[in-house]
Every structure is written in C-alpha cells, then in structure tokens.
Amino acid sequence: STEADGTMGADKKAPYSPIIGIPDGVYNFGPRQKQDAVWSWVFAAFMAAVAAGGVLACVGRSDMPEADTMRFGGACNATQFDFEATLMRQQKSHHGTADAYEGGAGGLGQTTRDDTAPTKEQNSAGSIAAGNSTGAAPFDAVEFLDGAVGWVVFAFVGSFFLGLSLLWMFRACAHTMVWGVVYLKVGTMAALTVMFFYVGALVPAVVFLLLTLLTGFCFWLYQIELNLVASMLSVATQGLKDNPHIVTATVGLQLLTLLYIAPAVAAITVAQMNGQVSVNGDAVVQDAATGVCSNIHGQPVECCAWTVDAWVPLYSALATVSVVWVVSMALEMRLYVIGGTMCQWYFAPAGTTDFSGTVRGALGNALGPSFGTICFGSFILTMVEMCRAATERLRRQERGNILVCLMAACLECLYALIEYISKFATLQAAMTGESFCAAATTVSDLLQRNFLTAYGTYIFPSMILQGTALVLAVGFGGATWLLSLTAYTVAQSANAGMYAVLVGVLSGVVSFVVLSFFVMLMLNVVDAVFLCYAMDKDRNMNNHQEFHQIFHQVNEHNKPAGAVVQGPDGGLMYAAV
C-alpha cells in the first residue's frame, strides 16, 4: 500500500500480507480449516451439563406445598419437623435480641395479637375485601389478556414491516431521515423547556434550556459528519437490499435462540422444586389464635420455608451463564454471517447482480469451520457481561465510595474496548477464516495502519438509528393505545382506559425491540462494509467508488493533522504539529 503506515518508529511495516490461498487476501471461499476447535468442545460440554442437570431436576422434583400451609405451618408441623422445639431453639439462638424484644410490647413466646396480621379466614377473603373497598372496578387479567394478545401480535407483525420500511427510507432518503431525527431531538427538548417555564418549574426549565442549546450547538458543529453518516447508511443499506436473506438468517438465529432459552428457563424453574420443607429459620413464635408466625422483631413471616438441594444454586448459575452464552453466540453468528456476506458482495466483480448463495455460504462457515471461533468470541462477550453486571452491583452497593466509582468507570472503558476488538475480530474471521486471536491481531494492525481507529468512536450512526427506532416505537405505541381504547370502549369494559394504556406500553416496547433488531442489522452492515473498505484501501484498490468517497471523507475528518516524512535513515515516520 502507498498509504502512510502511521507508526512513530523508524522501521517501516510490511504491507498487509494476504492469507495463503486467498486471492488478494479477501474472502476465503474455502475449503477452510477448522479454527479454535477446542472451544466447540467446551461449548458442547457446557450444554451437555445443562441438559443433564435439567433431566436430573425433572426426575428429582417434588411438589411444593400450597401457600397457606407454608404460611401457617401446616406443611412443617409433622412429627419429624419437631416444630415447637425448633421454634424454641431459634428463640435461644437470638437470645440477645430476644431480651431486647421482651422489654417491648409483649414477651417473646407471648406475642400479643397483631390486628394487622391476617388470620386464616382473613387471608382467604382478603382479595374480595380489597376489591370491594375501592370504587374502581378490579383488574380482570382474563379480560385484559383477551383483548391485549391480539394487539401485541399486531404490534410485533406491524413492527417487522415497519423495520423493512425503515431500511427502505434510509436507502431512499437517508439525509432527510438523519436530519429529521436531529430536529426532532432538539425540538423535543425545546418543548420540554417551554413546558417547564409554563408550569413555573424554573430549575428544570433552566437545565433543559442549557441542554437544548448545547445539543443544538453540537449538531451544528458536526453538520459535515451528520451528512457523512447519512451517506454511509444509504450505501450500506444497498448491501442489505442485494442480500435480503441476511434478514431471514438472522431471524432464524433469533428463533433458535428462543428455542434454547425457553427450556433453559424451565429447567431453572424446575430445579427450584428439588428440595424439602423445613421450619422457617426466621420464625421464633407462632400465635395460637391466628396461626401466624413472627420473627424476632415481631413481624409476621411464613412458618415454613422451602430449602432447595445443595446442587440447585450451582446448576441455576450454570444454566444462567449458558443462556447468556447462547444469546452472545447468536449475536456473534449474526455478525459473522453479515461480515462474510458483505465481503462477498463488496469484492464481487463489477456488474454482478446475482448474489444468491452468499448468505448460505457464510452461514455454512459459521456452523462449520469457524464454529469454535464463534464459541470463543461469544464466551469472551459472556464474561464481559458478567463482569459488567458484577461491577454495576458493586457500584450500587458503594454509591458513596469515589474509588469504586473510578474503578467502575475504568472497567467500563476496558469492557467497551474488548467488545470493540471482538466485533472487528469476528468480521475479520468471517472474511478470511482466521482463528479469533489471529483475526483480532490482523484487524487491529489493519485499522491502525490506515488511520481508521477513530471510526470505533463514531457514535452518530448508532445514535441516529436508535433515535429513529425510539420515535417510531413511541408513535406505534400511541396509535395502538388509541385503537385499543376504542375497542375496549366499544366492548364496554369497566377499565377501558387502564387496559388501553397497558396495551399501548406493551406494543411500544415490542415495537422498539423489533426495530432495534433492524437497527443492529444496519450497524453490523456498516461495520462490515467499513472493514472491506479498509482492506481495499490497504491494497490500494478501489472496488466500490461510492464507498471510497464516503469513507475517505469520514477518515479525513477523523485522522489527526500531519504528514508522513522520511527520516535520515530512510525509514518512514508520522509527524504532526
């Protein structure tokens, strides 16, 4: 390549070397060698362990007692439980607290009747009394579901076609869509500012006024970048148009993921049924009149508790990790298929119009030679998600600890970097058939050598697409709310307004999830096409003039000002003022 290598040292890096057997170092049509095969066996062993645990859970499950028998001690008052003696032992184990409690109202073991504690009769009739104590009609779950299911299904199907329309709109009028989202975002914040001023809330009004001005200034400052984003999205959607089965394959992957998640969640639920009834460790006394047990503080608790077997928590954790791993694998496989398909499409001979078989070939590689690579990449993402969740829990528990906040911020940067490298490593592996680590090394060197690292921090495509999806989902939810309100009113439902609001919210959430699926497709396509452009640029080739014009402008706006100079020893180095 005649492009600058961007290094600060005197030694010139060698150009990107094509992989043996791959013309020009682009798409590897095969036959490919198996990569990271050991991770295929690790994944298979993990799934086998989850399946075996599920079978064990089904075989060893026990019927859990009814709620009332657990609450009032009927499930644990048999001879083998030694109920009264167990309560006495638990009293003595809390003797320090028991002494303090005896100084209060009523001695331990002689608890006075709490008028707020429900009796057995009151417990069975409580829901009826609660329903009659208010003027509003009670919530009827059956009535709500009868009317809501159809609307939610309509939202799911309608959102799918709305997502297809979204792809078409960004291909046909990308600039209008991008700037429409920008104006809507600024206009919404301005409207909220006016509303706060109108109701007399000065502090929120001033805050939103400053945010509105700052947001508008930022968009004005990045006008050129926003126009480039519009062009990027427009040309990238052309790849989806020429390869429509990308949508088919990714939808199929999502459905297969659900086929695993459902039994895995069921196995976790059934595993909780492996255990036995025992006396509640918090209960220390039972009121003879009401049958209600109390803890050391006199608060009502259930007399009996369900204690799971020792292996259940470990199995639940194992199954939960497997669910996260499978979801991450579906995302990695989607990215792999898109990367392989877009590479074939990008480097196809000029004038090619038939791209049939490209998705099938990429999917075959994903399920075949590169399956271990996908398992490895998805395992890394799974560990990142688990570490991120642990960091978030620690941050919430230590809200006032500045060191924890700083550590969480640093770790979040590390997690984002790992995800960024993993994304382009998967795309590189999809195109060349390399192992995960080799692909990560290769693609990092490729992007650095061509001054393309700034693309990873380019947030506008995601912001624009997510903003569009949110606006469409809110509009779809609002329309569903109005239509369902009319339907419930015609049906003379007593809670028409409440049911319609719930239907609108559910429809909006479903719509946003479906539209986010199409958004991620577009973002993955943009990433894949960008990597193809980087390969093209590294070889001083030009397979798609329109892509080169757009990405070259993006690259020029992101790379630092400077020049490549030749040192006294003949080596090249990068110099900037």
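For the structure given in this document, a descriptive report is provided here. (Residues numbered from 1 in each chain as written. Predicted model: local features only at pLDDT ≥ 70, side-chain atom pairs only at ≥ 80, totals over all residues. Heavy atoms only, no water.)

## Some points on the overall build of the protein
Consideration 1: Within the protein, the regular secondary structure consists of 18 helices and 7 strands.
Consideration 2: The burial tally for the protein puts 42% of its 577 residues in the buried class.
Consideration 3: Approximately 29,600 Å² of the protein is accessible, and the part contributed by carbon and sulfur atoms is 66%. (Helix = DSSP H or I, 4+ residues; strand = E, 2+ residues; numbered from the N terminus. Buried < 20%, exposed > 50% of the residue type's maximum accessible area, 1.4 Å probe, protein only. Areas by Shrake-Rupley, 256 points an atom, 1.4 Å probe, with all protein chains shown as cover.)

## Observations concerning the environment of F154
Consideration 1: Here F154 is to be found in helix 6 (residues 141-172).
Consideration 2: Looking at F154, the relative accessible area reads 41%, which means it is partly exposed.
Consideration 3: It is 8.4 Å that separates the C-alpha atoms of F154 and S507, two residues lying 353 residues apart in sequence.

## So, the packing of aromatic side chains
Consideration 1: All chains considered together, the criterion is met by 20 aromatic pairs.
Consideration 2: Summarising the aromatic geometry, the rings of W179 and Y183 are spaced 5.9 Å apart at their centres and angled 35° between planes, so their arrangement reads as tilted. Pair noted here: W179 and Y183 are both in helix 7 (residues 174-199), with a separation of 4 residues, about one helical turn.
Consideration 3: Looking at W179, the relative accessible area reads 17%, which means it is buried.
Consideration 4: Here the aromatic residues W39, F43, F46, W325, F371, F376, F379 and F436 are joined through ring pairs into a cluster of three or more.
Consideration 5: Sitting over the face of the ring of Y27, R32 holds its NZ or CZ atom 5.0 Å from the ring centroid. (Phe/Tyr/Trp six-rings, centres within 6.5 Å; stacked < 30°, edge-to-face > 60°. Lys NZ or Arg CZ within 6 Å of the ring centre and 35° of its normal.)

## Some details on the state of the cysteines
Consideration 1: According to the stated counting rule, one finds 2 disulfides in the structure shown.
Consideration 2: C76 shares a disulfide with C304; S-S distance 1.9 Å. Judged by the sign of its S-S torsion, about -85°, the bond between C76 and C304 is left-handed. Taken together, the positions of C76 in the loop between helix 2 (67-72) and helix 3 (83-93) and C304 in strand 5 (residues 304-308) put the pair 228 residues apart, joining distant regions of the chain. (Disulfide = S-S within 2.5 Å.)

## Structural notes on unusual backbone geometry
Consideration 1: The backbone of D36 shows a phi angle near 50°, a positive value even though the residue is not glycine.
Consideration 2: In this structure, D36 sits in the segment before helix 1 (37-60).

## Focus: the packing of helix 7 against helix 8 (residues 202-221)
The relative placement of two packed helices is expressed as an angle between their axes plus a distance between the axes.
Consideration 1: Packing of helix 7 against helix 8 leaves a shortest axis separation of 8 Å and a crossing angle of 160°. By the angle class used here, helix 7 and helix 8 are roughly antiparallel. Crossing handedness for the pair helix 7 and helix 8: left-handed. Facing helix 7, whose interface residues are W179, V182, K185, V186, M189, A190, L192, T193, F196 and F197, helix 8 presents L202, P204, A205, F208, L209, L211, T212, T215, G216 and F219. (Axes fitted to C-alpha atoms, helices over the stretch in contact; angles between N-to-C directions. Parallel < 35°, antiparallel > 145°, perpendicular 65-115°, else oblique. Left-handed = near helix turned anticlockwise from the far one by under 90°. Contact = heavy atoms within 4.5 Å.)

## So, the sheet that holds strand 4 (residues 300-301)
Consideration 1: Taken together, 3 strands build an open sheet; the order of strands is 2-3-4 and the sheet is antiparallel. Edge positions in the sheet fall to strand 2 (285-286) and strand 4, since each of these pairs with one other strand and no more.
Consideration 2: Looking at chain direction, strand 2 and strand 3 (residues 293-294) are connected through 2 bridges and run antiparallel. Looking across to strand 3, one finds that Q286 is bridged to C293. (Pairing = 2+ DSSP bridges.)

## Some thoughts on a nonpolar patch on the surface
Consideration 1: Side chains of L145, V149, V153, F156, V157, F161 and L164 sit close together on the surface and give an oily, nonpolar patch of about 640 Å² of accessible area.
Consideration 2: Relative to the elements of secondary structure, F161 occurs in helix 6. (Patch = residues over 30% accessible without salt bridge, like charges linked within 9 Å, V, L, I, M, F, W, Y side chains within 5 Å. Salt bridge = Lys/Arg side-chain N within 4 Å of Asp/Glu carboxyl O.)

## A closer look at the packing of helix 11 (residues 311-346) against helix 14 (residues 402-432)
Consideration 1: Close contact between helix 11 and helix 14 brings their axes to 8 Å; oriented N to C, the two are set at 50°. By the criterion of interaxial angle, the relationship of helix 11 to helix 14 is oblique. For the crossing formed where helix 11 meets helix 14, the hand is right-handed. Judged by residue contacts, E332, L335, Y336, G339, G340 and C343 of helix 11 engage K423, T426, L427, A429, A430 and M431 from helix 14.

## Quick word on helix 1
Consideration 1: The terminal C-alpha atoms of helix 1, which comprises 24 residues, lie 35 Å apart, in line with the 34 Å expected from a rise of 1.5 Å per residue.
Consideration 2: All of the buried residues along helix 1 are W39, S40, F43, F46, M47, V50, G53, G54 and A57. (Expected span 1.5 Å × (residues − 1).)

## Digging into the pattern of salt bridges
Consideration 1: Per the counting criterion, the structure on display carries 7 salt bridges.
Consideration 2: The shortest N-O distance in the salt bridge between R71 and D68 comes to 2.9 Å. Residue R71 and its partner D68 are both found in helix 2; the two are separated by 3 residues, about one turn of the helix.
Consideration 3: According to the relative accessible area criterion, R71 is partly exposed, its value standing at 24%.
Consideration 4: Among the salt bridges present, the one from R388 reaches E419, with a minimum N-O distance of 2.9 Å. Residue R388 is found in helix 13 (residues 371-397), and its partner E419 is found in helix 14; the two are separated by 31 residues along the sequence.
Consideration 5: Assessed through its relative accessible area of 19%, R388 is described here as buried.
Consideration 6: For E419, a relative accessible area of 27% corresponds to the partly exposed category.
Consideration 7: Residues joined by salt bridges that share partners form a network here, namely E385, R388, E412 and E419.

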